[in-house]
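# Report on the structure
Chain residues, written in single-letter form:
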Amino acid sequence: MLPPVFGVLFDGIAYGMLLFVLSVGMSVTLGLMNFVNLAHCAFAMLGAYVTVVLMKDFDWNFFATLPMAFAAAALVSVAVERTLYRRLYRASDLDQVLLTIGLAFMSIAIAAWFFGTTQQPIAVPSYMRGSISVLGLNLGIYRMFLVAVGIAVTVLLVLALEHTRFGAQVRAAVDNQRMARGLGIDVDRTFAVTFALGSGLAGLGGALAIEIVGLDPQFALVYLVYVLIIVSVGGLGSIAGSFAAACLIGMSDIAGKYYVPQLGSFLIYLVMVAVLMWRPAGLFGKR
Amino acid sequence: MTTLDAPRTVTPQGYLLRQSRWRPIEVAFWLATLLPFWLFPTYLSLASQIAITGLFALSLDLILGYAGIVSLGHAAFFGIGAYTAGIFSKFVWGEPFSGLVVAAAVAGVVGYASSFIISRFRHLTLIMITLGLGLLLKEAANSAHWLTGGSDGLQGIDIWPVLGVFNFDLYGRTAYGYALGVLFVVFLFARRLINSPFGLALRGIRENFVRMPAIGADSHAHIRKVYTIAAIIAGIAGGLLAQTTQTVALEVLSFERSADVVVMLVLGGAGRLYGGLIGAMVYMIARDQFSGIAPQYWYFWIGALLVIVVMLLPNGILGGLSALLKRWRRR
Amino acid sequence: MRRLFYASVATCALALTPVTSQAADPIKIGVVLPYSGQFADGAKQVDEGIKLYMKQHGDTVAGRKIEIIRKDVGGIAPPVAKRLAQELVVRDKVDLLAGWLLTPNAIAGCDVSKEAKKVSVIMNAATSIIVDKSPYCIRSAFTLPMVTTTLGHWAAKNGVKKAYTMVSDYAPGHDAEKGFIEGFKAGGGEIVGSVHMAVANPDFSAYVQRAKDLNPEAIFVFIPGGAQPAAFGKALAERGIDTKKVKVMGTQELTDDSALTNMGDTALGIITGSPYDHNLKSKINQDFVAAYRKEFGANPNFFSAGGYDGMTLIYAGLKLTKGDTDGDKLIAAMKTAKWTSPRGPMMIDPKTRDAVETIYIQRVEKVGGKLVNVEIGKVENVRDPVHEAMMKTKK
């Protein structure tokens, strides 16, 4: 029998996994492509609304909607990347900030226009609700699912970037764009695909998030801060770093709330500032 | 890229002298700031808040535009100024100018203390540390509700008439006159600062942080100085808002306020003295107009405005316009 | 510079334009609400309440047309709220101010109401002190302590002896906690522990586990509406708190429609105190709900009721003054208002300008396969306990 605090810590990890899936795409675009995409959470919101619409209006199963959330966010992001973002790859960070925050603003209004400002509740299958008892701990079933997704995403991404031809192309394009072009790598296409992958994961994260944090048009901005925290604490461009950061933030936040509730709202920022002062490049950052 | 300028030799002194000369368009700009008194007498409250936000953006410009320190927590100093001015009026007295001085001093002290942390970091780390410190301060203000009133806002602010004569009125005449006056004085100071060797050194730090010490300019010390100055000015802006509206709530410390001012500055053109002022003006007028037309959906139009500006005018409105002007002159 | 300043301030005095209004002019009401941002949904509901009332009762009172001017304050932003109120008064020349979802904004609006001598109707913001800020401020909704003190007292009188309180760590949370504890203790209950929870970044499991460790008989909770109630409900289920055994009590936000859908059966048994619910059985409420559903395709909630009753109050006051919007006359007329609202009998307390109304105690049950709030008790003629206490100390 384990003391109940372990159950609470598990919840923290699960929450961290959610943040991880939401933010890993940003870590890739910011770290590898040097593009500041503050509209990242807008793509997450898009994925979430796709799930809501498919479940409510078309009676889809929750799990069946998840690939669609991924695909929709990826497709729309490619369209945006080809039309707007690519023109600014060489522009200053500040112009990138202005463009992407502008898009995030527009996404809020568009979501409010189509779906209204209300919370969008979804009903996940009833067997995903509630908790089961493992070694005397109450573990939420949905949270276990989140942890599984988080681990799966990490493994797949690491494998894809480290051990596939496409991964090698991405790394080559990032390290030396001109050289990569010289070798015949279609850098534009590689970036577009990478970008789509990151945004697609955000869309998936958005869909998974509804059950935990709800969904309304402000999603595009509210979770931006948390995503930035995970990305910076983990270290730019590092998937393992984002994973570790998500676990650390999730667990320390929740453990702190359990033991010292007076500090509840300070913890996440305290941990971030402390980590960054100790390791300015983030946990796994190289620069 | 400018082949015409290349043969001309430019000494630093000559450059600074040329920069510090008042151009006709600048004089026209400041005269135009008086126009709302006659042309838009019912928009003076908005004008006063634009002047205050412009001042806040100017303070951010000193660190972001000139020294290259991107901060997402600059509202911390704005908020400290606002709370200080409010609390000062509640417990000491309501004379506005002295309140402003106290607000500036407190913000400056906190700015100086935090500048030791700030000067050690660059890039994303710096952004996130400023953001983290800003949010920690906001949480602290929420916890200290015995002092700040927490999320209900500070109660009991009482500001005396400016110079003992001008009451803060419903039309916002005093508010605008007062805010504009303070803005102008601080602007003169910032202008002098930027067109000094110190200002030149800051631009050097922005361009190459590592190389500056090699020519005898200690980057860290310069950053500490300018960060403190920016904090003081932000504190003045916050104090002005507290005094002219006689309200202070937690939102003065919020992430949104920090992010908005970055957006406004970049929109206007970072690294240009008038960038913050123009940015605040365009952003706030656009927001006021759009939200009047579509209270629920104005975000769309303001977003579209930002996207269009980036696409047509890189480096902000002023940066884009000056590039266009240069191209036109060369023809 | 100072001379410049003097000159500019002196000249602008010339720009003053006289304010005149004639009986035939429309009556303009400036409504300030956070139509965009985090609180947009509440604003939309209040606004829909206003719209429905005007659709049902026409847009003319005492021969004068009513015109609504809407302003978005965008969130908690008292400087903006104050500016909008000022502009409504000086530019749009409104006769009344109304709306006000959030306390800091409402207080800033009251400053303007006091200076301009315009009536301001508080349609939702629920802190007691708001109406004290201006003699022209009046409340068509409720105060948080009205709900929580009533709930606390009711709970203590209905067999709950020991309770644990969990509230969000911000001013409304503190008000709610204080109100509940006062009511609960007055009824003979005992508080076994309290926790303040972070407002942002809501993961409740740590807090819920703390509560569970103490194994309390009942839990009182106050959290902001929106996404958080569902998250709280899920944390209860995941941490293994059975709402059938532990009495979970809260305010109306905890069990509104979207929270219930999101929580599912976890919500069964949660007890809330509320000034309004769309399940109330009265005829007038059922007509109201039917009309609201027809117009907006959703059930009204307490926000909508606040907007609807706010317009009722304004119309009632204007009828008495025969369309005169002079601040003193109108507020005097409004103080005498008494009406039957979808939420039950209502009146204005002339001393405090608070609404006096019924607070319902309800429990989440399954009716016809759907989760609904079922009324299990009510307390009539509830007055704001904070103002009540102030009155007592004055005497």
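Scope of this entry: the structure provided in the associated data block. (Residues numbered from 1 in each chain as written. Chains lettered and ligands numbered in written order. Predicted model: local features only at pLDDT ≥ 70, side-chain atom pairs only at ≥ 80, totals over all residues.)

## What to know about the nonpolar core
- In terms of nonpolar packing, the biggest core is built from 344 residues, with Leu18, Cys41, Ala48, Leu98 and Ile230 of chain A together with Ile122 of chain C touching the most fellow members.
- Looking at this core element by element, the count peaks at 16 residues for helix α1 (residues 5-31) of chain A.
- With near-sequence residues (within four places) excluded, Cys41 of chain A lies in contact with Ala202, Phe219, Ala220, Leu221, Tyr223, Leu224 and Val227 of chain A. (Core = buried A, V, L, I, M, F, W, Y, C linked by C-beta atoms within 7 Å. Buried ≥ 20, exposed ≤ 12 C-beta atoms within 10 Å, placed from the backbone. Helix = DSSP H or I, 4+ residues; strand = E, 2+ residues; numbered from the N terminus. Contact = placed C-beta atoms within 7 Å.)

## Examining the interface of chain B and chain C
- Residue-level contacts link 35 residues of chain B with 36 residues of chain C.
- For the side of chain B that touches chain C, the secondary structure elements donating two or more residues are α3 (36-39), α4 (44-66), α9 (173-194), α11 (219-245) and α14 (298-312) of chain B.
- Per-element tally for the side of chain B that touches chain C: the top contributor is α9 of chain B, with six residues.
- By residue class, the composition of the side of chain B that touches chain C is 15 nonpolar, 17 polar and three charged. (Nonpolar A, V, L, I, M, F, W, Y, C, P; charged D, E, K, R; others polar.)

## Here's the deal with helix α4 (residues 103-116) of chain C
Residues and elements named next belong to chain C.
- Between the first and last C-alpha of α4 there are 20 Å, a value that for 14 residues agrees with the 20 Å anticipated at 1.5 Å per step.
- Most of α4 sits out of view: 12 of its 14 residues are buried.
- Buried within α4 are the following residues: Thr103, Pro104, Asn105, Ala106, Ile107, Ala108, Gly109, Cys110, Asp111, Val112, Ser113 and Ala116.
- Contacts from the buried residues of α4 go to β1 (27-33), α3 (78-90), β4 (96-99), β5 (119-122), β6 (137-139) and α6 (171-186). (Expected span 1.5 Å × (residues − 1).)

## A few points about the sheet that holds β5 of chain C
Residues and elements named next belong to chain C.
- The sheet built from six strands is open, its strands ordered β2-β3-β1-β4-β5-β6 with mixed pairing. The open sheet has two edge strands with one neighbour each: β2 (60-61) and β6.
- Where β1 lies against strand β3 (residues 64-72), seven bridges are found, and the strand directions are parallel. Along β3, the bridge assignment pairs Ile27 with Ile66.
- The strands touched by α4 are β1, β4, β5 and β6; relative to β5, the strand with the most contacts, the crossing angle is about 165°. (Pairing = 2+ DSSP bridges. Axes fitted to C-alpha atoms, helices over the stretch in contact; angles between N-to-C directions.)

## Looking at α14 of chain B
- Here α14 of chain B spans 21 Å end to end across 15 residues, near enough to the 21 Å set by a 1.5 Å rise per residue.
- Buried within α14 of chain B we find Trp298, Tyr299, Phe300, Ile302, Gly303, Leu306, Val309 and Val310 of chain B.
- Elements in contact with the buried residues of α14 of chain B: α4 (93-115) of chain A, α12 (255-268), α13 (275-293) and α15 (316-330) of chain B together with β3 of chain C.

## Concerning the pairing of β5 of chain C
Residue and element names in this part refer to chain C.
- Burial along β5 is two-sided: Val119 and Val121 facing one way and Ser120 and Ile122 facing the other are all buried.
- Pairing of β4 with β5, which is carried by four bridges, proceeds in the parallel orientation. The residue of β5 that forms the bridge with Ala98 is Val121.
- Taking the sense of rotation as the criterion, the β-α-β connection linking β4, α4 and β5 turns out right-handed.
- In the sheet, β5 pairs with β6 via three bridges, with the strands oriented parallel. (Right-handed = clockwise from strand over helix to strand, strands pointing away.)

## A short note on the environment of Gln209 of chain C
- For Gln209 of chain C, the position within the fold is in helix α7 (residues 205-214).
- When the C-alpha positions of Gln209 of chain C and Lys322 of chain C are compared, they lie 59 Å apart, and in sequence the two are 113 residues distant.
- Among residues more than four places away in sequence, those in contact with Gln209 of chain C are Pro4, Val8 and Tyr258 of chain A together with Arg239 of chain C.

## Overview of unusual backbone geometry
Residue and element names in this part refer to chain B.
- Positive phi, close to 60°, is recorded for Leu163, a residue that is not glycine.
- Position of Leu163 relative to the elements: it lies in the loop between α8 (145-148) and α9.
- For Gln246, which is not glycine, the phi torsion reads 50° and is therefore positive.
- By the secondary structure assignment, Gln246 is in the loop between α11 and α12.
- We classify Gln246 as buried; it has 23 C-beta atoms within 10 Å.

Everything listed here is a matter of geometry and, on its own, says nothing about what the molecule does.
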